Amino acid sequence: MMPMIQGQDTTIEYIRERRCSSGGYCFYRLDEPNAGDTFHALASLAMLDALPDNDIATREYLHSFQNSEKHFSNVNVRYAVARSLLLLGEKSDEDPASWILPLLTPPPRSIRPVESSSLFEHLYLLTSLCTHLGVGIPSEKKAEIITAVLHYQHTDTGFGHPVSTIIETADALAILASLGYPVSLTGSTEFLKQCEDPASGFLAVPGSKPGYLEHIHAGVHACSVLGYHPDVLDQCREFILSCHLGNGGYVRSIFGGSATLENTYLALHALAMIKDLSTDSPRRSDIVNPLRCCD
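Residues numbered from 1 in each chain as written. Predicted model: local features only at pLDDT ≥ 70, side-chain atom pairs only at ≥ 80, totals over all residues. Heavy atoms only, no water.

Visitor: Could you clarify how one ought to interpret the environment of Ser200 in this entry?
Guide: As for its position among the elements, Ser200 is in the loop between strand E1 (196-197) and strand E2 (201-202). Taking the C-alpha atoms as reference, Ser200 lies 6.0 Å from Cys236; in sequence the two are 36 residues apart. Filtering out sequence-adjacent residues up to four positions away, Ser200 remains in contact with Gly211, Ile216, Gln235, Cys236 and Phe239. At 3.4 Å, the side chain of Ser200 forms a polar contact with the backbone oxygen of Phe202. (Helix = DSSP H or I, 4+ residues; strand = E, 2+ residues; numbered from the N terminus. Contact = heavy atoms within 4.5 Å. Polar contact = N/O pair within 3.5 Å; in protein donor to acceptor, adjacent residues only side chain to side chain.)

Written out as structure tokens, the structure reads:
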């Protein structure tokens, strides 16, 4: 359970109000649940020590994603469903290694799709699942992925394609750490320092303002993986708290907008990591939590 935060009870109510009658969660409060919102809702409630007891409808909703041939529509959905079921105390009878390991391949050598925030997104989700589900990765595959990820490190010590970004750097560091690579060797604290901002905490890339919630989360996440204590933790915390609305949810920017379950998860998770960094006791389990997951 994370420490008490501003408006915690209101945030719990905000999340619960977005549970659909058919099971699952939907941030815009229609009975149109999706896997991403469901995971973000359950993960947030878990951090707030408010998970529902024996929610049969939500379990059935999550199982509905699995078709008769035991395939899911994409990695993001499969990740969200697997993590959600784990949060509810359930583990699939299927051997997760049978489908995770074949998908665990180096990132494509191309510019990421415009709708994606990270070249490493799928690889990050899959290595995270390996940790959560106890899937062992063969040493040859580990070496292959480590080499591929390091290929995308730039002279500024960040990671990304075509240039370093804060989100891709956080993803890359988390992947390397989960594979046992000594992330201190990357020297990526130098890139993080370039992304630090006295107003928002962290920026997407050096000098690109303003910062948004996903950039603050990624920056704090990267710091947690590296064990780096930046000077902007207070700014990060203040930015996140400024994104909190009266309805209990969190928005992406201090400039306003609508709260979402994903942004609420990012805010809560970032606050928990900031707490750990501030008390000099970073939780290594944080390196495997997702930056985002959506259908």
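Next comes the rest of the write-up.
Visitor: How do you make sense of helix H4 (residues 75-87) when you look at a structure like this?
Guide: Under the 1.5 Å per step criterion, the end-to-end length of H4 is 18 Å for 13 residues, consistent within 8% with the ideal 18 Å. Buried residues dominate H4, accounting for 11 of its 13 residues. For H4, the full list of buried residues reads Val75, Asn76, Val77, Arg78, Tyr79, Ala80, Val81, Ala82, Arg83, Ser84 and Leu85. Elements that come into contact with the buried residues of H4 comprise helix H2 (35-47), helix H3 (56-63), helix H5 (97-103) and helix H6 (121-133). The backbone nitrogen of Asn76 has a side-chain oxygen 3.0 Å away, supplied by the residue at the start of H4, namely Asn74. Directly after H4, the chain includes Gly89, whose backbone phi takes a positive value near 80 degrees. (Expected span 1.5 Å × (residues − 1). Buried < 20%, exposed > 50% of the residue type's maximum accessible area, 1.4 Å probe, protein only.)

Visitor: Before we go on, may I ask you to explain the side chain of Ser253 in this structure?
Guide: Following the sequence through the fold, Ser253 ends up in the loop between helix H11 (233-242) and helix H12 (261-278). Classification of Ser253 by relative accessible area gives buried; the value is 6%. Of note is the side chain of Ser253, whose polar atom sits 3.0 Å from the backbone nitrogen of Phe255. Non-local contacts of Ser253, meaning those with residues more than four positions away in its chain, are made with Tyr212, Phe239 and Cys243.

Visitor: Please clarify how the pattern of salt bridges should be interpreted in this entry.
Guide: Side chains that differ in charge, positive against negative, can pair when their charged atoms come close. Counted according to the given criterion, the structure contains 8 salt bridges. Here Glu90 ties to Arg59 by a salt bridge, and the two come within 3.0 Å at their closest N and O atoms. Of this pair, Glu90 sits in the loop between H4 and H5 while Arg59 sits in helix H3, placing them 31 residues apart in sequence. With a shortest N-O distance of 3.2 Å, Asp197 and Lys209 are connected by a salt bridge. Within this pair, whereas Asp197 is found in strand E1, its partner Lys209 is found in the loop between E2 and helix H10 (213-226), the two being separated by 12 residues in sequence. Accessibility expressed as a relative area gives 3% for Asp197, which makes it buried. Overlapping salt bridges, with partners in common, bring together Glu17, Arg18 and Arg29 in one network. (Salt bridge = Lys/Arg side-chain N within 4 Å of Asp/Glu carboxyl O.)

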